[in-house]
Amino acid sequence: MGTRRPVEALPAPDTLGLIQASQVGMHYSVRAPAVLRWLRQFLAWGCSALLLACQPMALAQEADLQAQDALQTLTYQNLALAKAQLNAQAPGWMASPHVVVRRGHLDTVIAVGLEEGQMDQVDGASAALLALSAETGDDVARVTAHSARAFSQGARGKAGEVLQALNLMEPVALRSNDPQALWIFHLARGSLHNTMGQFDLALADILRSKDFALQRPRQAQVSLLRSQTYAGLVHLSMKNFDKTLESIDTAQALAKELGATLAQGTLQLNRGYAQSGRGRLEAARAAYLAALQAGESSGVLWLQATALNNLGDFHLLRKEYSLAEPYVRRALAKHQEAGDAAGAAMARCNVGFALMGQGRVDEGVAEVKAALKFMQDAGARTTEELILEELSRMYEQAGRYPEAVATARAQQALAKDILRADREQAVAELQARFDAVQRDRQIETLAHQNSLKDIEISQRQGQFVLAIIGALVVLLAAGVIGVLYRRTRQANLSLLEAKRRADSALHDKSLFLATASHDLRQPVHAMSMLVEAIGLRNRNTAITPLLADLKNSMAAMNQLFNALLDLSKLEAGASASHRVPVDLNVLVEEVVHMLRSQASSGGLQLRMRLPACGAAAKADPMLLKQVLLNLVHNAIRYTPEGQVLVSVRARDRQWLVEVWDTGIGIAAADDRRLFSPYIRSSAFQEMGGFENPHANGSQINDLSIHADSVEGHGLGLAVVARCAQLMGAEYGYQSRLGKGSRFWLRLAATPQADAPATSVATPPAPKHAPDSDAMSLADLRGRCLVVEDDPQVLRAWRALLEGWGVELRSATNAAEAVEHLNAGFVPAAIFCDQRLRSGESGFAVLQELLARCPAASGAMVSGELDSEDLRAADQDGYLVLRKPLDPAVLHAVLTRWLCDPQDLSLAR
């Protein structure tokens, strides 16, 4: 196509020119995207190369900063080693291109110089920091330099001059917004305020320095240790020695955590000051000696000098002037060697006091006045006042009373001047701060107004869009919330309806069982006594095994009725817990007595271990007895051989009631569901079962009931759990499969004097079967009156009691019973059914008959779950026998009533 030319250089428009122009334009339009792609790739490669080049530098900077952090901590641990490492690292750090590394190096030099007491070294590092700040504009370096100079000049006695210069750095420190700069600024200013006796201002600055120390990303613990140490010094200057020791203890813990040996020596020095102020001179001397030892081991001159000076003070206070002089002269030499002019002046003052105390008054006064001249030049007026006070006392001790009076007057005048100057200075500083704050606020207000005007237009432009977006978001959120609310409300209503149906079903079930209690028990009650009566009259050995099986079946049915109705009663809330003081020893003895024959018939030993001093607990006696009967009976049932132990022990102001057995134990898999109804463990089936003719309840559980296993329906422990819950008692168990089990119950203890002499005399019917051998029940002799309106049950009563040899009279109502008594029949035992068809109250009939027969014992027989008569009988202490009646229990009751008429322990 020939040589390309710019479009504007083509000849006048013609056909060829138009074609060439179009070709040139097309060529540039095709090439332009390619150039942009090459440019983007070049920029990407350049950025990647720059990042790769900067990464080693960043890593090197981080390594240097970490080394400086470690060196700052080492300064408190081993000053000599820290100095050696600092000198080795100095050339590399000062040549670093990173400002933060060079600043960190100079900051470390200052820290080492301050700890060593080398103020010239501190001044040199401060000057280097100022040069670095001027070169780089680093505000942190500038504030650090002025703060370090404040420390060194304050040590030289120029606290007043340097404080004014340091106050000028406050806006710079605030502008930097750097925790390191703010920390060291407030720490240095607090130290100067403390030197000048401005304790409130000093304490405020030190506390702020502690806050900024915790905000430092590096060296936070070391900085906090320094601030805490200075806080103790301020409290010491304020003569608040308790606060001083508290601050020292806090700092001591930090120093131990950091391994800061030198810091611990400094803290020992301050502890000596505080103990001396409290008058505990020996404790102060021990602290000073510990500080001196730390200073000598670390080679820190200022620490040695200060400890020596304080030991001299110790002897001066005890007026041991000849012993004090060597210490204070050594202290003077150490201060001069360290370049600490202020410390040297204090040591020189103490030398003068030691000389005056030894009678060399003029020589000593010369030394003291030289120290006073230094303090006056340094502006340390508080220290000057203390020296004048001590000089006046020494004049008086030497007998120079005119000089003592003049010195005392000078001291009092100086104290007034200090107080007035402090007040004026404080007011001036507050006014200056107020003016500065006002100016800053005015500037901020103007800047804020300008910024508001600048952004007002942009805000108005975006307000409409934001309003639309906000409205859409609100509508969407409202829709979502509405949907969630409807769903949640529907779910809650469904849950409430399901709960209502479940509660209604449970209530209907419990109500049915409670209502049907009497009607269900009545025929079983008659059958139980008739089977026993048949056994008494049977002489056919072929029928004996069948009768035994029938009796066992009746016992199992009896157990099932009792367990079902007890559990139904508890779930229905019919058994309210009435917690009263109960004598546990008496209650346990009753339970053991009731079940001892059952244990003996199975070859088991039933023992009890009770506290000799008695045991009284707050519990419901009926529910507690129900728990013990179930637990002991279960233990007997599942123990093929060995023994069962019932014990009561004191544990943490509570009584621990335990039932131990050596039975088959409980499988670990059944741990969580053991106390649930209708649950039995597979442990018994896994062991193949055992022949245990005395067992007919449940201690361990499984979902199935086998004909060849131990009788039981998994309800006993459910009743135990519910009874314990009603009483508010803790319960639980421990078991080892094949070794035995331990069930326990914790009851709140109550004073023994509050417990009744006997426990409740109205136990629920024992839930165990009688002996299978009917002939084991001995014949009885005596008279018995039974009030029962059911003919079938009445015939069963007659068959059973006459079989035992008891003379029986029966009645269907109170009138017939009274006729028997009027006819001369005097019963020793009276049994009255609770529900009589005549409408009479069985309990009222029983009370009337017992009133007519004072020597007789009586019991009420009931098949109901709960009623007012039952509660009244329980409350009044009458014996209540539950249907179906256990013949063995009936025989035991009649044995006691007919054979020993005077024993009425089971009667009213």
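Further up the page is the structure itself.
The rules behind the values
Residues numbered from 1 in each chain as written. Predicted model: local features only at pLDDT ≥ 70, side-chain atom pairs only at ≥ 80, totals over all residues. Heavy atoms only, no water. Pairing = 2+ DSSP bridges. Helix = DSSP H or I, 4+ residues; strand = E, 2+ residues; numbered from the N terminus. Axes fitted to C-alpha atoms, helices over the stretch in contact; angles between N-to-C directions. Contact = heavy atoms within 4.5 Å. Buried < 20%, exposed > 50% of the residue type's maximum accessible area, 1.4 Å probe, protein only. Expected span 1.5 Å × (residues − 1). Arc of directions from axis to C-beta.

Whenever I open this one, the sheet that holds strand S8 (residues 782-787) confuses me. Can you help?
Within a sheet, adjacent strands bond to each other through the backbone by hydrogen bonds, running parallel or antiparallel. Spatially, 5 strands are ordered S9-S8-S10-S11-S12 in an open sheet, and the strand pairing comes out parallel. Across the chains shown, the open sheet's two edge strands, defined by having one partner strand only, are strand S9 (806-811) and strand S12 (879-882). Put simply, the sheet's adjacent strands are angled 25 degrees from each other on average, direction ignored. Looking at chain direction, S8 and S9 are connected through 6 bridges and run parallel. Counterpart to Val787 in the pairing with S9 is Ala811. Along the sheet, helix H26 (residues 791-803) makes contact with S8, S9, strand S10 (829-833) and strand S11 (857-862), crossing S9 at roughly 165 degrees.

Help me understand the pairing of strand S5 (residues 654-661), please; the structure alone is not making it clear to me.
Regular strands place side chains that alternate from one sheet face to the opposite one. Of all the 8 residues making up S5, 6 are buried; the element is thus mostly covered by neighbouring parts of the structure. As paired elements, strand S4 (residues 643-651) and S5 share 8 bridges and run antiparallel to each other. Within S5, the position partnered with Arg649 by the bridge is Leu656. Connecting S4 to the antiparallel partner S5 that follows it, the hairpin turn spans 2 residues, and Asp652 within it adopts a positive phi of roughly 55 degrees.

In this structure, what is going on with helix H17 (residues 361-378)? I would like to understand it.
The periodicity of an α-helix, 3.6 residues per turn, causes residues three or four positions apart to be oriented the same way. Look at H17: 26 Å from first C-alpha to last across 18 residues, which is about the 26 Å you get at 1.5 Å a residue. Every buried residue belonging to H17 is among Val361, Gly364, Val365, Val368, Ala371, Leu372, Met375 and Ala378, and all of these are buried. Seen from one end, H17 has its buried residues packed into an arc of 140 degrees, which puts them on one side. Exposed residues pointing more than 90 degrees away from the buried face of H17 are listed as Asp362 and Asp377. Each element contacted by the buried residues of H17 is listed here: helix H6 (159-167), helix H16 (341-357) and helix H18 (381-398). Just beyond H17, the residue with positive phi is Gly379, at close to 80 degrees.

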